[in-house]
Amino acid sequence: MKLKYELIKNDQSARLGKLKTNYGVYETPMFMPVGTLANVKTLTPEELYEMNSAIILANTYHLWLRPGEDIVAKAGGLHKFMNYNGPILTDSGGFQVFSLARKKDIIEEGVFFKSHIDGKKLFLTPELSIQIQNKLDSDIAMSFDECIPYPASYEYAKESTERTIRWAKRGKDVHNNSNQALFGIIQGGEYEDLRKYSALETVKIDFDGYAIGGTSVGEDKQTMYKMIDYAIKYLPNDKPRYLMGVGEPIDLLEGVARGIDMFDCVLPTRLARHGNAFTRNGRINLKNLKYKEDFNPIENNCDCYTCKNYTKSYIRHLITCDEMLGGRLLSIHNIRFLIKEMEEIREAIKNGNFKEFKEQFISKYKNGD
RNA sequence: GCGCAAUUGGUGAAGGGGUUAACACGGCGGAUUGUGGUUCCGUUAUGCAAGGGUUCGAAUCCCUUAUUGCGCC
């Protein structure tokens, strides 16, 4: 089956919903950990289930290069290949248009890349991206888009946004997997009329869900929130809305407040590998000297495996010595932190006090208590 | 005991009269938003074994002492 979204409650724009997938029913708003190369770095599926994680991400571009979509198909699809019995969303490779910016050449037909592995010249098109995702057999495929850099001129943003819409149509036309949902992606850069145009045109094509892309690419927070506001009012209520690449604890709240249902971000795992942890009182850096003899958990009342079993002093030691377990333990904590945050957000929406929850959370996170 | 050589930060070291003591590692701090596990940025010796001398100017030249290494009794 394809994805089904049911809006349960709308509390002043903050939405509580239910997402029915091939691998279970999950409540939204939700946070989706990123597992680019068919694994959430350093973590096993069992560890993800224990954190109450639902959808995870994998990346078309990366899996296309290694091991190749045919290998994954031969393995029986992405779920079997990586042993994940939960829903998987595949990013289209569109973000690589942005992140590999120095090595790209965009034409109407698609994008020329130089492989980040061996420099080989590659050509990715909207059709190819969707065909690869069909083969990977993820639960949600994403349209192939261009993530517009920030800042971008109005002319460039317009040209790129229009092209992304044409690419979305082309991708939808070849999409051929009845078990897989397909999401469109809104672009438009920082420009209000382009965001509106992108939203209206993308909705016309009719997707199973809509993503807001082109955010968290270097713009300030207010600009990012505006990018959401400009587009989201034109999206249908009965489809999920996904804010791509956003995962700072405060941004999740700001996104939910604007009607976002799904988020993904590399931040919890990347920060973990570099020794940082989310806490309700703000981010901390476990490498700091002050934790050398701190034998308390990262957070006393956190229910994650790491906090139940390990001290800051020990994690600092692991990170200092470049031991992988340090990054693993922090990844567990950071992902659980964001998932728990979303659980509490859903609870607050249910109870009708999301606004208060949001204000209290942000105040504590910013001011440390 | 005599001769020769060496001594520069937490570590490995460059510099053999010219002003701010290179570089690397380590340390400390920061960054990170559709992945960077190997990344990026900042900072880290008011001082060159100690003392004295020559010179406008000394880590650099000279003397004394200390320590270390090598060789010879």
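Residues numbered from 1 in each chain as written. Chains lettered and ligands numbered in written order. Predicted model: local features only at pLDDT ≥ 70, side-chain atom pairs only at ≥ 80, totals over all residues. Heavy atoms only, no water.

Looking only at helices and strands, one finds 15 helices and 16 strands in chain A. Computed over C-alpha atoms, the radius of gyration of chain A comes to 20 Å, within 12% of the 21 Å expected from 2.2 N^0.38 for 369 residues, which places it in the range of a compact globule. Principal-axis analysis of the C-alpha atoms gives chain A an extent of 60 × 45 × 40 Å. In chain A, which comprises 369 residues, the proportion classed as buried is 57%. (Helix = DSSP H or I, 4+ residues; strand = E, 2+ residues; numbered from the N terminus. Rg over C-alpha atoms; globule rule 2.2 N^0.38 Å. Buried < 20%, exposed > 50% of the residue type's maximum accessible area, 1.4 Å probe, protein only.)

Turning to the protein's contact with RNA strand B, a few remarks are in order. Within the structure, RNA strand B sits among 41 residues, and Ser216, Gly245, Val266, Arg273 and Met324 are positioned closest to it. Taking all atoms of RNA strand B within 4 Å of the protein, the share assigned to sugar and phosphate is 54%. In this structure, a base oxygen belonging to RNA strand B sits 3.0 Å away from a side-chain N or O atom of His274. Of all the secondary structure elements, the ones that give two or more residues to the surface near RNA strand B are strand S5 (56-59), helix H5 (94-99), strand S14 (262-265), helix H11 (267-273) and helix H13 (312-320). Of all the elements, H11 adds the most residues to the surface near RNA strand B, at 5 residues. Partitioning the surface near RNA strand B into residue classes produces 13 nonpolar, 16 polar and 12 charged. (Near = heavy atom within 4 Å. Polar contact = N/O pair within 3.5 Å; in protein donor to acceptor, adjacent residues only side chain to side chain. Nonpolar A, V, L, I, M, F, W, Y, C, P; charged D, E, K, R; others polar.)

A separate point is the pattern of salt bridges. Scanning the entire structure with this criterion turns up 25 salt bridges. Of the charged contacts in the structure, one is a salt bridge between Arg258 and Asp229, with a shortest N-O distance of 3.2 Å. Remark: Asp229 occurs in helix H9 (residues 221-232) and Arg258 occurs in the loop between helix H10 (249-257) and S14; sequence separation between them is 29 residues. Here Lys358 ties to Glu254 by a salt bridge, and the two come within 3.2 Å at their closest N and O atoms. Taken together, the residues span a long stretch of sequence, with Lys358 in helix H15 (residues 354-367) and Glu254 in helix H10 at a distance of 104 residues. Here Glu254 falls in the buried class, since its relative accessible area comes to 13%. Several salt bridges converge on common partners, so that one network encompasses Asp229, Glu254, Arg258 and Lys358. (Salt bridge = Lys/Arg side-chain N within 4 Å of Asp/Glu carboxyl O.)

With that settled, the discussion passes to the sheet that holds strand S1 (residues 4-11). The 3 strands are arranged S1-S2-S3 in an open sheet whose pairing can be described as antiparallel. Every interior strand has two partners, whereas the edge strands, S1 and strand S3 (24-28), have only one. Averaged over all adjacent pairs, the angle separating strand axes in this sheet is 15°, with direction ignored. Across the sheet, helix H14 (residues 324-351) lies against S1, strand S2 (14-21) and S3, angled at about 120° from S2, the strand it touches most. (Pairing = 2+ DSSP bridges. Axes fitted to C-alpha atoms, helices over the stretch in contact; angles between N-to-C directions. Contact = heavy atoms within 4.5 Å.)

The subject of this paragraph is the pairing of strand S11 (residues 181-186). Where burial is concerned, most of S11 is hidden: 6 out of the 6 residues are buried. Here S11 shows no split at all, with Ala181, Phe183 and Ile185 on one side and Leu182, Gly184 and Ile186 on the other all buried. One ladder, built from 3 bridges, connects strand S10 (residues 140-142) with S11; its direction is parallel. Across the sheet, Ala141 pairs through a bridge with Leu182, a residue of S11. A crossover links S11 with its parallel partner strand S12 (residues 209-212), the connecting element being helix H8 (residues 192-205), and its sense is right-handed. (Right-handed = clockwise from strand over helix to strand, strands pointing away.)

Within the secondary structure layout, Ser160 lies in helix H7 (residues 154-174). Take Ser160: its relative accessible area is 0%, and that puts it in the buried class. A polar contact is formed between the side chain of Ser160 and the side chain of Glu146, at a distance of 2.6 Å. Once residues within four sequence positions are removed from consideration, Ser160 is found in contact with Glu146 and Ile148.

Among the secondary structure elements, Ser129 is positioned in helix H6 (residues 126-136). A relative accessible area of 0% means that Ser129 is categorised as buried.

Turning next to the pairing of S12. Sheet faces and side chains relate simply in a regular strand, where the side chains alternate between the two faces. Burial of S12 is two-sided: the residues Gly209 and Ala211 facing one way and the residues Tyr210 and Ile212 facing the other way are all buried. In this structure, S11 lies alongside S12, joined through 4 bridges in parallel fashion. Bridging across to S12, Gly184 finds its partner in Tyr210. Sheet topology places S12 next to strand S13 (residues 241-243); 3 bridges connect them, and they run parallel. Bridging across to S13, Tyr210 finds its partner in Arg241. Following the backbone out of S12, through H9 and into the adjacent parallel S13, one traces a crossover that is right-handed.

Working note: α-helix, 3.6 residues per turn, so residues spaced by three or four point in the same direction. Counting buried positions along H6 yields 8 of 11 residues, so the element is predominantly enclosed. The complete set of buried residues in H6 reads Pro126, Glu127, Ser129, Ile130, Ile132, Gln133, Asn134 and Leu136. Count one or two residues on from H6 and you reach Asp137, which has phi positive near 65°.

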